[in-house]
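# Report on the structure
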Amino acid sequence: MALYVQKFGGTSVGSVERIKAVAEKVKGFRDNGHQVVVVVSAMSGETNRLIGMANEINDEPTPREMDMLVSTGEQVTISLLAMALHKIGVPATSYTGSQVGIQTDSAHTKARIQRIETDELQEDLDAGQVVVVAGFQGVDEEGNITTLGRGGSDTTGVALAAALKADECQIYTDVDGVYTTDPRVCSRAQRLDTITVEEMLELASLGSKVLQIRAVEFAGKYNVPLRVLSSFQDGPGTLIVADSDQDEDSMEEPLISGIAFTANEAKLTLLNTPDVPGVASRILGPIADANIEVDMIVQNVAPAGDYTDFTFTVAKGDYKQTMKILQEQVIPDLGGGELRGDDNIAKVSLVGVGMRSHAGVASKFFRVLADENINIRMVSTSEIKISVVIDEKRMELAVKALHKAFGLDKSDIEAE
């Protein structure tokens, strides 16, 4: 007997018929003697519908009330799935995040899990129940409902798997695994049988929408076996493994595992800022205080005592608030400076652990973009990735060109 935590995303539970299909899949695992915890998202489109209604009433709703509102989407799904399981003879109990004991901090709309109380949940499992848990949500120390950010149901699933020491956390979605890039953009993308936690962490942080980054962090930190599977077709999916779990018969790691991209980026530049010690902290400190995450950072080198330019990127949803902070707090503190912004950019990234032991990857990367007449506006690198900021309208061309150049395309036979 094994313990599985299975997470089903919004498209997997997007209709009554699909919820019934999930119930049958869960029943199959239970009939084979396994214990099952099911984590579900809101039905596809429901969270956007709730946000739309909120914006019709107030275009700047408070984060606390937004959490109160959007958390209801998952509550609908857990009750419907529990009913579907009852209908086919499977005992099941549904829980909201607060009921199951998911304790978070108080950062509304971006809360982080601090601990999970598993005693009652384990009692239900031992009694033969399937436990159905609302993803994406928890409760802070003051009893306020919190949410974990978009895609937070993945984090709920992996965190529960870690707390329960589950044999595997299975993420069911509308794709049958992790691909070398998004198949909707590049039709020759290939499914990966395995990928390392390190590579998946980079891909998730760089725009791959298969898994939320915090879910991958949890899996790596607590050594949770994590598998991405399709809700709509059978198959092995993609297993996300630690480096030490790689096949010992494999003499060399693949050079490149995938290409991630996102248009959910905005670039801000402060011109003519004083080139003195501490200026970066004075710029980024107020932004961090507002719980806004900064991604890429570039500071130009200036002659001693002169002025410099400071450029960084944030999520597009944080663009307006960041502009406001810079205008109202940072520029007055620095004694002046010119602010420029651009939210029509994209980030394209190449990821692969094989980059550590292969020279020439960066030069090839830049040559491919140059051949396509794609201008690079920012560059960031690490041991296993290269990221560039380019114009948003050139993103798809860049992804396809890089995918082909680095040998990630399916062969003509496979593509047929």
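Fair warning: this is a prediction, and the values are worked out from it, not measured in the lab.

Another aspect to go through is the UniProt feature "binding site: substrate" (unreviewed entry) in the protein. Using the residue numbers shown here, the UniProt feature "binding site: substrate" (unreviewed entry) corresponds to Thr47 and Glu74. Separation in sequence by 28 residues is not matched in space for these annotated residues, since their most distant C-alpha atoms are only 8.9 Å apart. Structurally, Thr47 is set in helix H2 (residues 46-57). On the basis of relative accessibility, which here comes to 12%, the residue Thr47 falls in the buried class. Apart from residues no more than four positions distant in its own chain, Thr47 is found in contact with Ala42, Val70, Glu74 and Arg150. Secondary-structure assignment places Glu74 in helix H4 (residues 72-87). Relative accessible area serves as the criterion here: at 3%, Glu74 is assigned to the buried category. Those residues in contact with Glu74 that sit more than four places away from it in its chain are Val40, Ser41, Ala42, Thr47, Ala134, Gly135, Phe136, Gln137 and Ser153. Looking at Glu74, its side chain comes within polar contact range of the main-chain nitrogen of Ala42, at 3.0 Å.

What follows is about the side chain of Gln6. Following the sequence through the fold, Gln6 ends up in strand E1 (residues 3-8). Only 3.0 Å separates the side chain of Gln6 from the side chain of Gln170, close enough to count as a polar contact. Ignoring anything within four residues of it in the chain, the contact list for Gln6 reads Val26, Phe29, Val36, Val37, Val38, Val39, Gln170 and Tyr172.

Parameters and conventions
- Residues numbered from 1 in each chain as written.
- Predicted model: local features only at pLDDT ≥ 70, side-chain atom pairs only at ≥ 80, totals over all residues.
- Heavy atoms only, no water.
- UniProt positions renumbered as here; feature names shortened; annotations may be inferred.
- Helix = DSSP H or I, 4+ residues; strand = E, 2+ residues; numbered from the N terminus.
- Buried < 20%, exposed > 50% of the residue type's maximum accessible area, 1.4 Å probe, protein only.
- Contact = heavy atoms within 4.5 Å.
- Polar contact = N/O pair within 3.5 Å; in protein donor to acceptor, adjacent residues only side chain to side chain.

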